[in-house]
Number of protein chains: 2
Amino acid sequence: MHYRFADRLSHAPKSFLNELFRVSADPSIISFAGGLPSSALIDTDGIRTATYQVMEDDPSIALQYTTTDGYLPLREFIAGRYRSRLGIPATAEEIQIVNGSQQCLDLFAKIFLNKGDHVGIERPGYLGAIEAFSLYEPIIDTVPLEDDGPDMTVFERLIHRSPEKFFYGIPNSQNPSGRTYSQEKRRAIAEIMEETDTVFYEDDAFGELFFDNRPRLPVKRYIPDQAVLSGSFSKTIAPGMRIGWIYAPSGILTQFNIVKQAADLHSNFFCQKILHRYLITHDLDEHIRKIVEVYSRKCRLMCDLLDDQLPQLSHTTPQGGMFLMATLPQGLSSGTVFEAGIKRGVAVLPGLPFYIDGGGTDTIRMNFSTASEEQIHEGMDRLARVITDL
Amino acid sequence: MHYRFADRLSHAPKSFLNELFRVSADPSIISFAGGLPSSALIDTDGIRTATYQVMEDDPSIALQYTTTDGYLPLREFIAGRYRSRLGIPATAEEIQIVNGSQQCLDLFAKIFLNKGDHVGIERPGYLGAIEAFSLYEPIIDTVPLEDDGPDMTVFERLIHRSPEKFFYGIPNSQNPSGRTYSQEKRRAIAEIMEETDTVFYEDDAFGELFFDNRPRLPVKRYIPDQAVLSGSFSKTIAPGMRIGWIYAPSGILTQFNIVKQAADLHSNFFCQKILHRYLITHDLDEHIRKIVEVYSRKCRLMCDLLDDQLPQLSHTTPQGGMFLMATLPQGLSSGTVFEAGIKRGVAVLPGLPFYIDGGGTDTIRMNFSTASEEQIHEGMDRLARVITDL
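Since the structure is predicted, the reported quantities are computational estimates derived from the model, not experimental observations.

K.L.:
How do you make sense of the overall build of chain A when you look at a structure like this?
P.N.:
When its secondary structure is counted, chain A shows 13 helices and 14 strands. For chain A, whose C-alpha radius of gyration is 21 Å, the value lies close to the compact-globule estimate of 21 Å for 390 residues. Dimensions of chain A, computed from the C-alpha atoms along their principal axes, are close to 60 × 55 × 55 Å. For chain A, buried positions account for 57% of its 390 residues. Put simply, 72% of the contacts in chain A that link residues at least 6 apart link residues at least 24 apart.

This is how it looks when you write it as structure tokens:
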């Protein structure tokens with residue numbers, strides 16, 4: 001049988017994500033390659049209580065179909081948190097619930113991109129976004145990411161000269177680099193974009209996880225009608241529920257709602273209710289402080305061990321999030337390090353898939369949220385031996 | 001701010017689904033317009049027990065990320081049920097979990113349809129499919145649906161002359177018509193398609209809900225490599241969990257898995273585990289018999305009331321499922337009946353959105369799963385007055 005698939009499949013990059021899950025499943029391998037939040041920091045007791053309350057209260061409503069936009073009290077909670085945390089006048093009507101940040105990537109590309117349209121991303125860029133966008137067959141332009149945000153010369157040239165439908169970035173603790181945009185660059189981005197019809201798509205999966213517990217103001221603050229923010233409970237509460245959201249101006253949200261409905265009617269209602277119950281009966285800030293304390297310590301440990309044991313590598317120094325990026329000594333390829341690492345029981349993620357131009361072969365992404373501190377010690381020992389031997 | 005949306009949005013049909021949810025929410029209106037399974041038949045006690053067991057056993061796994069294909073034991077259960085119920089040699093490797101049947105529609109269209117490609121559907125056709133497919137900008141061809149399945153002359157001409165990428169149908173208790181394909185037509189469809197590269201996409205949301213409790217053999221039985229089956233727990237267990245699946249040959253499933261991952265990484269893992277726990281600790285057949293008993297009785301009641309009180313209407317006589325379709329007396333439009341019905345406290349769904357050619361203006365879809373028998377009596381009284389007055 002010959003299947004006549006759509007052309008878009010030939011644009012799909014080879015995915016590493018499933019391979020990563022398989023590596024993560026091998027207990028003899030210490031993995032810095034994945035991107036899981038720490039299982040130990042999922043508040044299973046709190047979620048259990050919230051679940052039981054929902055199951056006692058109105059299970060047949062929670063288990064029934066609902067509207068596409070999502071559970072209103074949950075959307076009100078999310079909007080309220082934008083107001084109190086960032087001082088942004090968000091309302092529930094501007095929030096649509098989706099299946100984690102990833103679905104936002106797919107649906108946002110779907111409402112904006114014709115085949116051949118231009119879209120801008122960071123270099124390196126988030127793999128999940130590259131995978132989602134590619135299926136709409138756009139031309140993807142990249143802007144180098146510096147320690148404090150995009151290279152503004154390249155960014156300005158791109159936004160002014162190219163007909164970008166939108167620019168996608170992760171200003172807070174970017175995946176894969178761990179970098180955070182400075183406030184100056186955020187303002188500059190807003191100023192440059194304001195003169196154009198290009199929308200800024202601000203993926204904020206990690207904004208709650210700054211090690212100093214201080215929020216950073218999003219670009220959307222400066223250009224509210226021209227920017228959307230996406231968020232997720234995957235890094236703060238529980239990824240398995242697949243609940244995230246988009247916060248967007250109504251002109252965009254109306255279209256987004258249409259494609260969300262066509263995509264899967266609505267997100268899991270049962271988990272929306274559980275999450276909401278959890279959020280109104282627990283102290284989210286307190287829970288996040290616990291997560292941040294652990295991630296911050298692990299990040300510092302990993303950076304210190306890199307500096308001590310592998311001074312020949314340079315690396316980013318994250319202000320938050322779950323990842324850092326290291327650059328290998330000249331002549332060493334990340335693919336070689338990955339292969340040799342697996343044999344020695346340590347996995348790192350080659351940077352290659354984050355560079356759509358085939359670059360980044362000397363970079364690796366390292367995750368510090370999943371492994372325990374003991375495992376970080378042991379894994380870094382193994383990695384140091386691997387790299388020294390090579 | 002001017003948003004430069006993708007062309008595909010201009011192809012999106014105006015959706016009635018959210019309007020329907022709003023009508024359903026008004027307690028003074030008896031709604032035959034929606035498509036909800038009966039909330040009273042959701043086994044909340046059983047699901048509560050299963051939920052508690054998952055929360056006791058391994059909550060931090062259930063709440064963590066997982067692989068895209070879905071929870072293996074759940075996929076094994078689904079495959080096993082195909083083997084025992086239909087005698088089809090299905091394996092877990094041929095099953096991918098999705099967010100209800102609706103996501104299957106989106107992702108299947110995504111892997112097959114380039115802009116301008118041809119796709120075949122039934123006339124009337126399922127609205128959710130029309131919405132999902134339209135966003136990929138295909139040319140949609142229709143085949144009239146008769147009481148025992150597609151008009152085979154038109155079907156054969158379409159499949160042989162047109163380059164259809166796939167034909168989408170609901171052979172079991174179709175939405176909106178309530179019709180079921182005869183076994184002869186299923187075999188004939190397989191024979192016609194076998195000579196082509198066109199795939200048969202068999203949406204089986206209602207196959208478990210035949211009033212005689214006898215399964216019908218799917219077209220996929222005859223052309224296993226050329227057909228996919230989609231299924232869902234929304235009509236048998238709980239729609240709010242958004243868990244369905246596609247059962248497809250590996251050549252298709254590999255591509256499907258790529259777009260599923262790009263769409264939202266994986267479906268809600270917590271609910272996959274709850275569902276699986278529920279399924280292995282409860283008698284699904286027994287539960288389905290209860291649902292079928294109720295739906296069968298309500299369907300008969302609605303048909304009898306239609307015959308008694310509105311003999312000027314003709315209607316289909318479903319063998320299962322949740323819907324029937326009625327044709328209004330000449331000169332009466334479904335839009336008029338809808339408007340007048342709302343004022344009198346009864347909602348029916350105009351057939352218009354199920355006909356992409358603007359036809360069907362004299363048809364209405366009537367749901368018999370949501371309303372109670374009392375409500376069906378009262379609602380039919382109201383409807384009879386509305387139509388008699390008009």
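K.L.:
Where do I start with helix 7 (residues 152–161) of chain B in this structure?
P.N.:
Residues separated by three or four positions in an α-helix point in the same direction, a consequence of the helix having 3.6 residues per turn. Residue and element names in this part refer to chain B. Among all positions of helix 7, only F155, L158 and I159 are buried. The buried residues of helix 7 all sit within an arc of 90° when viewed along its axis, so they share a single face. Of the exposed residues in helix 7, the ones pointing more than 90 degrees away from its buried face are T153 and R161.

K.L.:
Before we go on, may I ask you to explain the environment of A:A90 in this structure?
P.N.:
Residues and elements named next belong to chain A. With respect to the helices, strands and loops of the structure, A90 is situated in the loop between helix 4 (72–86) and strand 2 (95–98). Separated by 11 residues in sequence, A90 and A79 place their C-alpha atoms 5.0 Å apart. Not counting residues up to four positions away in its chain, the partners in contact with A90 are A79, Y82, R83 and Y247.

K.L.:
Just to check I follow, could you spell out the interface of chain A and chain B for this structure?
P.N.:
In many reports, interface size means the accessible area that the parts give up when they come together. At the interface, 68 residues of chain A touch 68 residues of chain B. Within the residue set of the side of chain A that touches chain B, elements represented by two or more residues are helix 1 (17–25), helix 2 (44–57), helix 3 (59–62), helix 5 (100–112), helix 6 (127–134), helix 9 (250–264) and helix 10 (269–281) of chain A. For the side of chain A that touches chain B, the leading source of residues is helix 9 of chain A, giving 9 residues. Here the residues of the side of chain A that touches chain B sort into 34 nonpolar, 23 polar and 11 charged.

K.L.:
Just to check I follow, could you spell out the relation of the copies chain A and chain B for this structure?
P.N.:
Between the two copies of the chain lies a relationship made up of a rotation around an axis and a movement along it. Of the transformation superimposing chain A on chain B, the axial component is 0.0 Å and the angular component is 180°, with the fit at an RMSD of 0.0 Å. The symmetry that links the two subunits is that of a two-fold axis. A shared interface surface links the copies, since 100% of the contact residues of chain A are contact residues in chain B too.

K.L.:
I keep staring at the sheet that holds strand 3 (residues 118–123) of chain B and nothing clicks. Help me out?
P.N.:
Adjacent strands of a sheet form backbone hydrogen bonds with each other and so pair up, either parallel or antiparallel. Residue and element names in this part refer to chain B. Here we have 8 strands laid out as an open sheet, ordered 2-9-8-7-6-3-4-5, and mixed in their pairing. Each edge of the sheet is formed by a strand with only one pairing partner; in this case those strands are strand 2 (95–98) and strand 5 (149–150). Across 4 bridges, the pairing between strand 2 and strand 9 (residues 244–247) is antiparallel. Bridging from a neighbouring strand, I95 pairs with Y247 of strand 9. Those strands touched by helix 5 (residues 100–112) are strand 2, strand 6 (164–169), strand 7 (199–203), strand 8 (227–232) and strand 9, and its axis lies near 40° from that of strand 9.

K.L.:
Explanation requested: the domain arrangement of chain A in the structure shown.
P.N.:
All names here are of chain A. Annotation of chain A at the domain level lists domain 1 (7–43 + 285–389) and domain 2 (44–281). For domain 1 and domain 2, the distance between their C-alpha centroids amounts to 24 Å. Counting from both sides, the interface comprises 32 residues of domain 1 and, opposite them, 34 residues of domain 2. Elements supplying a minimum of two residues to the side of domain 1 that touches domain 2: helix 11 (284–309) and strand 11 (323–327). Take the side of domain 1 that touches domain 2: its biggest share by element is 6 residues, from helix 11. Here the residues of the side of domain 1 that touches domain 2 are counted per class, giving 17 nonpolar, 10 polar and 5 charged.

K.L.:
How should the sheet that holds strand 10 (residues 314–315) of chain A be read in this particular structure?
P.N.:
Residues and elements named next belong to chain A. Read across the sheet, 4 strands follow the order 10-11-14-13 without closing on themselves; strand pairing throughout is antiparallel. One side of each edge strand has no neighbouring strand; the edge strands of this open sheet are strand 10 and strand 13 (349–350). In this structure, strand 13 lies alongside strand 14 (residues 363–367), joined through 2 bridges in antiparallel fashion. Along strand 14, the bridge assignment pairs L349 with R365. Those strands touched by helix 11 are strand 10, strand 11 and strand 14, and its axis lies near 10° from that of strand 11.

K.L.:
Is there a simple way to think about unusual backbone geometry in this case?
P.N.:
For residues other than glycine, phi is negative in most cases, and the peptide bonds are mostly trans. Going from A:R123 to A:P124, the amide bond is cis rather than trans, its omega being 0°. For A:P124, the position within the fold is in the loop between strand 3 (118–123) and helix 6. The omega angle of the peptide bond from B:N175 to B:P176 is 20°, so this bond is cis rather than trans. By the element assignment, B:P176 lies in the loop between strand 6 and helix 8 (183–194). Even without a glycine there, the phi angle at A:R242 is positive, about 55°. Mapped onto the elements, A:R242 comes out in the loop between strand 8 (227–232) and strand 9 (244–247).

K.L.:
What is the right way to read helix 2 (residues 44–57) of chain B from this model?
P.N.:
Residue and element names in this part refer to chain B. Helix length check: helix 2 (14 residues) gives 20 Å between terminal C-alpha atoms against 20 Å at 1.5 Å per residue, within 8%. Of the residues making up helix 2, those classed as buried are I47, A50, T51, V54 and M55. Taken down its axis, helix 2 places every buried residue within 135° of arc, on the same side. Structural note: helix 2 exposes D45, E56 and D57 on the side pointing more than 90 degrees away from its buried face.

K.L.:
I would appreciate a short explanation of the pairing of strand 6 of chain B in the present structure.
P.N.:
The side chains of a regular strand alternate between both faces of the sheet. Residues and elements named next belong to chain B. Among the 6 residues of strand 6, 6 are classified as buried, and the element is accordingly described as predominantly covered. Here strand 3 pairs with strand 6 via 4 bridges, running parallel. Across the sheet, residue G120 finds its bridge partner in strand 6, namely F167. Taken together, the 4 bridges between strand 6 and strand 7 define a ladder with parallel strand orientation. Bridge pairing links G169 to E202 in strand 7. Read as a crossover between parallel neighbours, the route from strand 6 over helix 8 to strand 7 is right-handed.

K.L.:
Is there a simple way to think about the environment of A:M1 in this case?
P.N.:
Assignment of secondary structure puts A:M1 in the segment before helix 1. Remark: the alpha-carbon pair of A:M1 and A:I342, spanning 341 residues in sequence, is separated by 38 Å. Those residues in contact with A:M1 that sit more than four places away from it in its chain are B:D225, B:Q226 and B:G251.

Reading the values: the criteria
- Residues numbered from 1 in each chain as written.
- Chains lettered and ligands numbered in written order.
- Predicted model: local features only at pLDDT ≥ 70, side-chain atom pairs only at ≥ 80, totals over all residues.
- Helix = DSSP H or I, 4+ residues; strand = E, 2+ residues; numbered from the N terminus.
- Rg over C-alpha atoms; globule rule 2.2 N^0.38 Å.
- Buried ≥ 20, exposed ≤ 12 C-beta atoms within 10 Å, placed from the backbone.
- Contact = placed C-beta atoms within 7 Å.
- Arc of directions from axis to C-beta.
- Nonpolar A, V, L, I, M, F, W, Y, C, P; charged D, E, K, R; others polar.
- Least-squares fit on C-alpha atoms with pLDDT ≥ 70 in both.
- Pairing = 2+ DSSP bridges.
- Axes fitted to C-alpha atoms, helices over the stretch in contact; angles between N-to-C directions.
- Domains from an automatic or database assignment.
- Expected span 1.5 Å × (residues − 1).
- Right-handed = clockwise from strand over helix to strand, strands pointing away.

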